[in-house]
Amino acid sequence: MAEQNQQGAGRQAEIARKTNETDIRLAFNVDGTGVSEIETDVPFLNHMLDLFTKHGRFDLKVDAKGDVDIDDHHTVEDIGICLGQTLREALGDKKGIKRYANVFIPMDEALAQVAIDISNRPHLEYRAQYPSATVGSFTTELVHEFLWKFALEARITLHVIVHYGHNTHHMVEAVFKALGRALDEATSIDPRVQGVPSTKGVL
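Residues numbered from 1 in each chain as written. Predicted model: local features only at pLDDT ≥ 70, side-chain atom pairs only at ≥ 80, totals over all residues. Heavy atoms only, no water.

Moving on, we come to the overall build of the protein. When you go through the protein residue by residue, the secondary structure sums to four helices and 11 strands. A compact globule built from 203 residues would reach a C-alpha radius of gyration of about 17 Å, and the protein, at 16 Å, matches this within 12%. In terms of its C-alpha atoms, the protein occupies a principal-axis envelope of roughly 45 × 35 × 25 Å. Across the 203 residues in the protein, those meeting the buried criterion constitute 52%. Considering only intrachain contacts with a sequence separation of at least 6, the fraction spanning at least 24 residues in the protein is 74%. Total accessible area on the protein is roughly 9,600 Å²; 47% of this is exposed by carbon and sulfur atoms. The averaged location of the 30 negative side-chain charges in the protein is 9 Å from the averaged location of its 21 positive side-chain charges. (Helix = DSSP H or I, 4+ residues; strand = E, 2+ residues; numbered from the N terminus. Rg over C-alpha atoms; globule rule 2.2 N^0.38 Å. Buried < 20%, exposed > 50% of the residue type's maximum accessible area, 1.4 Å probe, protein only. Contact = heavy atoms within 4.5 Å. Areas by Shrake-Rupley, 256 points an atom, 1.4 Å probe, with all protein chains shown as cover. Lys, Arg positive; Asp, Glu negative; His and termini not counted. Charge placed at Lys NZ, Arg CZ, Asp CG, Glu CD.)

Pairing is mixed across the open sheet formed by four strands, whose spatial order is β6-β7-β11-β8. Sheet topology places β6 (100-107) and β8 (123-127) at the edges, where each strand pairs with a single neighbour. Between one strand axis and the next, the sheet turns through 10° on average, direction left out of account. As paired elements, β6 and strand β7 (residues 110-117) share eight bridges and run antiparallel to each other. From the neighbouring strand, Y100 faces β7, where its bridge partner is D117. Contacts from helix α3 (residues 141-154) reach β8 and β11 (157-164) within the one sheet, and its direction differs from that of β8 by about 160°. (Pairing = 2+ DSSP bridges. Axes fitted to C-alpha atoms, helices over the stretch in contact; angles between N-to-C directions.)

Let us look at the packing of aromatic side chains. Evaluated as defined, the whole model comprises six aromatic pairs. Arranged with centres 5.2 Å apart and planes meeting at 40°, the rings of F52 and F58 form a pair that is tilted. F58 matches F52 in its accessibility class, with the two residues each being buried. Among the aromatic residues, those joined into a cluster by ring pairs are F28, F52 and F58. (Phe/Tyr/Trp six-rings, centres within 6.5 Å; stacked < 30°, edge-to-face > 60°.)

The phi dihedral of D108 is positive, around 55°, even though this residue is not glycine. Mapped onto the fold, D108 is located in the loop between β6 and β7. Backbone geometry at R155 places phi at a positive 60°, although glycine is not the residue there. Assignment of secondary structure puts R155 in the loop between α3 and β11.

Turning next to the packing of helix α1 (residues 43-56) against helix α4 (residues 168-187). Where α1 meets α4, the closest approach of the two axes is 7 Å, and the angle between their N-to-C directions is 35°. In this structure, α1 meets α4 at a crossing whose hand is right-handed. Touching F44, H47, M48, L51, F52, H55 and G56 of α1 are H169, V172, E173, F176, K177, L179, G180, R181, L183 and D184, all from α4. Of the residues contributing to the contact of α1 with α4, the split by class is eight nonpolar, five polar and four charged. (Left-handed = near helix turned anticlockwise from the far one by under 90°. Nonpolar A, V, L, I, M, F, W, Y, C, P; charged D, E, K, R; others polar.)

Shown next, in the form of structure tokens:
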């Protein structure tokens, strides 16, 4: 399970998760400065997580090993699970957050949109058609797998739309940049918000 920071040093959490398929240690700081230390067996995912971290101004450390001799699926999926769990723990009671965000990111010819509601209702809507099924050795269907497990474990509503593009790398990169920036905005503290931003009184 993720362990929430108890030292008053910011909204952060860390997790260690070991299965027969993966061995992952992950630490996530919502209120970071964009520092990433990413080491996994999936190079393209390393690149995407680095972009996510920089554009979201988070701090993220990931040390992950998995059964990539079979394929990248388990490693990508389990990192999504761990990132979602640490986000949920780090946000705590969610008091004062903006909650919603909607971000468009252009990447040359590609345009991606990410809309987020930190709602405690996990849901993913994912609309993307890529020109190729792989980027290098990375299978593009794993983008959906990562996003779904992240949204599920973070208990957020996540809408991801790739409006257009010709280069698959650019299209996926725009998604991760937009995800970082949208999550940064949705988790940011708005001094005008008293308690949680919901008429229910709880998120």
